[in-house]
Amino acid sequence: MVAAERNDKIKDIKIEFYDGLIGDLMNAKAYSLSQIIQSEKAREKFGDDVKDDLISLEIFAHQFKLDEFRSVWKELFGEESNKYDLTAFICEEMSHNLVKFTREDHKTARLEMTDQLHDQIIKHGIFMSDKLFYSLVYLYTESQQW
Amino acid sequence: MKKVNAVDEETKKEEVPENEVLIEEAAVENKQRMASLKDIREAKSKYDRDFFRRFAYKGSFTMPQKALEQHVQTMSKEEIAELTLSIVNSAYEVNDLIPNIELVLFKMFTSPMTTKEQRRGAKDLLEGNLFRGVTLDPTVYESLLESIAMNPKKKHFKKIIQHIEEQCDNLPKEQLSRQMPGDLIDMIVTIGIHEKYPVYMGTTLKNWLARGYDVQPRSFKDYFMFLERCKGFEEDAKRYVTLAHDTDHIQVDYAMLRGIFLRSIQSKTGPEVLKLFEQFRKTIKLNKAG
């Protein structure tokens, strides 16, 4: 086996190791541990993967860490340029995780991010699936200051 | 149009060798199965009901086991191997003559009546064993292991393992995997785990891994998961995983370690889970084949 193949193989095994462990920690609702493992994975510099960012979103959402959530959110479609091609799946996951911020003090930021997401959906002509539609409706209705 | 055909030809060329390899492998496997069936047929025709009738209990004081043992002592190694193969494949046919002949074989193997005096106080477990030096068929070992699983005794278990090692340790790798298939090793590991022999099973498996036995990844995983469950062996279990690096067929990956992590996530604290993560992160590397 040539060196490049060996490197790819070990890289795949390591990625699978990190992802597997993070998945099991998430299933066990051990979000702070998942965050540590996720940051360790990021330090290994395996390269950009949208799945990593989406998992980070989920980890931060479960812990109500709005600032960290927002920084990943910005990375996903930042002010400068989009890191990944936006797809319906990414939008679904983003909105689904945004729904998890249920605290009163998160309402304004949540509404702002929902607007951002909605704009991007329109801009990229992304299909509005039932899941995405439900999340957006929920976010808009629940974020109103009555 | 031509270009499309050319591409088709190329893909065809790539596919053919892969299929050929599979066909060849299947043919070899089939050939081995046929050879094994032929061996069984031959053994059964040589040692048939008429042969076993001679050892059936007829009201005399000679027990079938003792009579068979006495006969075995007069046979060559090849003949003994054939006889054992016939015994494990004729249990139903000769049950009216010698009930439960597989158990008789097990007793002949572990506690032969004719060499009782020779075996008394001997350090060598196979002292006085009637099958020493005989290359037994894997199905014979399977029968012996099935019998021991019914009535477990560590000393008898060790006798079977020692016999296997004496017969297989010097075999070339290809022959070794035929003589000691992974399923049989799995059976041994399962019995070792069930009967809780962590140390003995550990040294045996370590030795087998070093010698290139066909220890299947699932057997390896089952063993170190068991070791991790044994009080006082938790750290040994983590070190044991690294043995996989010296093999060319067992790769340490998350699927292999998942059980330990799940157990740790459920029952241990966060720092302990992180410690485990750190320990295993370092052990992840390619095995010899990689």
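Q: Explain the overall build of chain B here, please?
A: Along chain B, the regular secondary structure elements total 15 helices and zero strands. Computed over the C-alpha atoms, the radius of gyration of chain B is 24 Å, more than 25% above the 19 Å expected from 2.2 N^0.38 for a compact globule of 290 residues. Principal-axis analysis of the C-alpha atoms places the extent of chain B at approximately 80 × 65 × 30 Å. When the 290 residues of chain B are sorted by exposure, 27% land in the buried category. Taking all contacts inside chain B whose residues are at least 6 apart in sequence as the whole, residues at least 24 apart take part in 68%.

Q: What is the right way to look at the overall build of chain A in this model?
A: Scanning chain A from N- to C-terminus turns up seven helices and zero strands. Secondary structure of chain A in N-to-C order comes out as α-α-α-α-α-α-α. Expressed as a percentage of the 146 residues in chain A, the buried residues total 29%. Expressed as a percentage of contacts within chain A between residues at least 6 apart in sequence, the contacts between residues at least 24 apart total 59%.

Q: Before we go on, may I ask you to explain the nonpolar core in this structure?
A: The nonpolar side chains of a soluble globular protein tend to be buried with one another. Counting residues in each nonpolar core, the largest one holds 84 residues, and the members touching the most others are Leu21, Leu57 and Met94 of chain A together with Leu105, Leu144, Ile160 and Tyr223 of chain B. Both domains that furnish three or more residues to this core are identified here as domain 1 (1-47) and domain 2 (67-146) of chain A. Excluding residues within four positions of it along the chain, Leu144 of chain B makes contact with Phe106, Phe109 and Ile160 of chain B.

Q: I would appreciate a short explanation of the packing of helix 1 (residues 3-27) of chain A against helix 14 (residues 254-267) of chain B in the present structure.
A: Axis angle and axis distance: for two packed helices, these are the angle between their axes and the distance between the axes, and together they describe the pair. At a minimum axis separation of 10 Å, helix 1 of chain A and helix 14 of chain B run at an interaxial angle of 30°. Put simply, helix 1 of chain A runs roughly parallel to helix 14 of chain B. The handedness of the crossing between helix 1 of chain A and helix 14 of chain B is right-handed. Together, Glu16, Phe17, Gly20, Leu21, Asp24 and Leu25 of chain A of helix 1 of chain A and Tyr254, Arg258, Phe261, Leu262 and Ile265 of chain B of helix 14 of chain B make up the contact between the two elements. Along the lines of polarity and charge, the residues of the contact of helix 1 of chain A with helix 14 of chain B split into seven nonpolar, one polar and three charged.

Q: Looking at this structure, how should I read unusual backbone geometry?
A: Keep in mind that most residues, glycine aside, have a negative phi and that most peptide bonds are trans. Residues and elements named next belong to chain A. Residues other than glycine seldom take positive phi values, yet Lys29 does so here, at roughly 60°. With respect to the secondary-structure elements, Lys29 resides in the loop between helix 1 and helix 2 (31-43). Unlike most non-glycine residues, Phe64 shows phi in positive territory, near 55°. With respect to the secondary-structure elements, Phe64 resides in the loop between helix 3 (50-62) and helix 4 (66-76).

Q: Which parts of the structure should I look at to understand the interface of chain A and chain B?
A: Many structure descriptions define interface size as the accessible area lost when the parts assemble. If you look at the interface, chain A gives 17 residues, while chain B gives 14 residues. Contributing elements (two or more residues each) for the side of chain A that touches chain B: helix 1 and helix 2 of chain A. Among the elements that line the side of chain A that touches chain B, the one with the most residues is helix 1 of chain A, at eleven residues. Tallied by class, the residues present in the side of chain A that touches chain B amount to eleven nonpolar, one polar and five charged.

Q: Even after reading the chapter, I still don't get the confidence of the model for chain B, so can you show me in this structure?
A: Interpreting fine coordinate detail is not advised for predicted regions of low pLDDT. All names here are of chain B. Overall, the prediction assigns chain B a mean pLDDT of 86, with 92% of residues at 70 or greater. Here helix 1 (residues 2-46) stands out as the least confident element of chain B, with mean pLDDT 69; helix 10 (residues 182-194) is the most confident, with 94. In the model output, the complex is listed with pTM 0.81 alongside ipTM 0.85.

Q: Help me understand the domain arrangement of chain A, please; the structure alone is not making it clear to me.
A: Segmentation of chain A into domains returns domain 1 (1-47) and domain 2 (67-146). Computed over C-alpha atoms, the centres of domain 1 of chain A and domain 2 of chain A are 26 Å apart.

Q: Explanation requested: the packing of helix 1 of chain A against helix 2 of chain A in the structure shown.
A: All names here are of chain A. Axis separation between helix 1 and helix 2 bottoms out at 9 Å; the angle between their running directions is 165°. Taken together, the axes of helix 1 and helix 2 are roughly antiparallel relative to one another. The way helix 1 lies across helix 2 gives a crossing that is left-handed. Every residue of helix 2 that contacts helix 1 at Tyr18, Leu21, Ile22, Leu25 and Met26 is listed here: Leu33, Ser34, Ile37, Gln38 and Lys41.

Calculation criteria
- Residue numbers run consecutively from 1 along every chain, following the written order of its sequence.
- Here the convention is simple: chains get letters from A, ligands get numbers from 1, in the order in which they are written.
- Restriction of local features to residues with pLDDT of at least 70 applies here, the model being predicted, together with a cutoff of 80 or more for giving and counting side-chain atom pairs; totals for whole chains, interfaces and linings are based on all residues.
- Only DSSP runs of H or I covering at least 4 residues are called helices, and only runs of E covering at least 2 are called strands; the numbering of each starts at the N terminus.
- We take the radius of gyration over the C-alpha atoms and set the globule estimate at 2.2 Å times the residue count to the 0.38 power.
- Buried, partly exposed and exposed are defined by the number of other C-beta atoms within 10 Å of a residue's own C-beta, namely 20 or more, between the two limits, and 12 or fewer respectively, with C-beta atoms placed from the backbone.
- Think of it this way: build a C-beta for each residue from its backbone, and any pair within 7 Å is a contact.
- We define a nonpolar core as a collection of buried residues of the types Ala, Val, Leu, Ile, Met, Phe, Trp, Tyr and Cys that are connected via C-beta atoms lying within 7 Å of each other.
- Where each domain starts and ends comes from a domain assignment, either automatic or drawn from a database.
- A fitted line through C-alpha atoms serves as each axis, taken over the contacting stretch for helices, and the angle formed by two N-to-C directions is quoted from 0 to 180°.
- The scheme is simple: roughly parallel for angles under 35 degrees, roughly antiparallel for over 145, roughly perpendicular for 65 to 115, oblique for anything else.
- By definition, turning the near helix anticlockwise from the far helix through less than a right angle yields a left-handed crossing, and turning it clockwise yields a right-handed one.
- Under this grouping Gly is polar, as are all residues other than the nonpolar Ala, Val, Leu, Ile, Met, Phe, Trp, Tyr, Cys and Pro and the charged Asp, Glu, Lys and Arg.
- Looking at any residue, its pLDDT shows the predictor's confidence there, from 0 to 100.

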